Amino acid sequence: AQSVTQPDIHITVSEGASLELRCNYSYGATPYLFWYVQSPGQGLQLLLKYFSGDTLVQGIKGFEAEFKRSQSSFNLRKPSVHWSDAAEYFCAVGSYKLSFGAGTTVTVRA
Amino acid sequence: SQTIHQWPATLVQPVGSPLSLECTVEGTSNPNLYWYRQAAGRGLQLLFYSVGIGQISSEVPQNLSASRPQDRQFILSSKKLLLSDSGFYLCAWGQGFSYEQYFGPGTRLTVT
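Values in this document were obtained by computation on a predicted structure and should not be read as measured data.

**Side note on the interface of chain A and chain B**
Interface extent is often summarised as the accessible area lost during association of the parts.
Then comes step 1: Across the boundary between the two partners, chain A contributes 19 residues, which contact 21 residues of chain B.
Then comes step 2: In this assembly, chain A packs against chain B so that about 1600 Å² is buried in total across both faces, 59% of it on carbon and sulfur atoms.
Then comes step 3: Summed over the three residues of chain A that lose the most area to chain B, namely Y96(A), K97(A) and F100(A), the buried surface amounts to 31% of that side.
Then comes step 4: Taken together, chain A and chain B are joined by two salt bridges.

This is the structure in structure tokens:
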């Protein structure tokens, strides 16, 4: 069975500081991994995806994620956060059916 | 480019009333279509998915149903709403072997 764990329910970060969101997955084969962002009351927007190849993937809005097979992790990072990055972030794994983590809410303080 | 629409954006319905939420996709053909529900403070729960017209797979037993009358139209229905049906309903589409899904703006349903 496939599943995703996002250990951090809520993270607060200062504007300009770096951000890292953790994601651990369980999947029976080579995983397809995704990060999505959701602003309040909105749908989800795809930030980046990993299928194969380079384990460090770049996404939109200055985000990147690193796939580590040995740790079953796919952590999301941003070197310098902006106030507009305050949102909820979801990690997902799967193929034609995705399993989503419970999400991490990011608060950005001035 | 592809666009996904959902309506209505918000809906308040009494317990026991029927429900119909609609989702349409533009700019692509034969997409995979999905309905998710997102309860407050929780992740996404896959309710239904469809890989073609008339093909519906249900993930969670409940009083909801889904239909796909046209290639790019996906409808979520209920004959009698329960309080527990309240939530944020998201439609998504995907295609091919890249497996990423693209989400609509969502419908906020409140059952009173």
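**Observations concerning the confidence of the model for chain B**
Then comes step 1: For chain B, the mean per-residue pLDDT works out to 92, and 98% of the residues sit at or above 70.
Then comes step 2: Mean pLDDT across the elements of chain B ranges from a minimum in strand 6 (residues 55-58) of chain B, with 92, to a maximum in strand 2 (residues 10-13) of chain B, with 97.

**Structural notes on the sheet that holds strand 7 (residues 64-70) of chain B**
For sheets, the rule is that strands pair by backbone hydrogen bonds, running either parallel or antiparallel.
All names here are of chain B.
Then comes step 1: Strand order in the open sheet made by the four strands is 1-3-8-7, with antiparallel pairing throughout. Looking at the sheet topology across the chains shown, the edges are occupied by strand 1 (3-7) and strand 7. Averaged over neighbouring strand pairs, the angle between their axes works out to 20° when direction is ignored.
Then comes step 2: Pairing geometry for strand 1 and strand 3 (residues 19-26), over five bridges, is antiparallel. What sits directly across from T3, in strand 3, is E26.

Scoring rules and cut-offs
Residues numbered from 1 in each chain as written. Chains lettered and ligands numbered in written order. Predicted model: local features only at pLDDT ≥ 70, side-chain atom pairs only at ≥ 80, totals over all residues. Heavy atoms only, no water. Contact = heavy atoms within 4.5 Å. Buried area = accessible area lost by both parts, 1.4 Å probe. Salt bridge = Lys/Arg side-chain N within 4 Å of Asp/Glu carboxyl O. pLDDT = per-residue confidence, 0-100. Helix = DSSP H or I, 4+ residues; strand = E, 2+ residues; numbered from the N terminus. Pairing = 2+ DSSP bridges. Axes fitted to C-alpha atoms, helices over the stretch in contact; angles between N-to-C directions.

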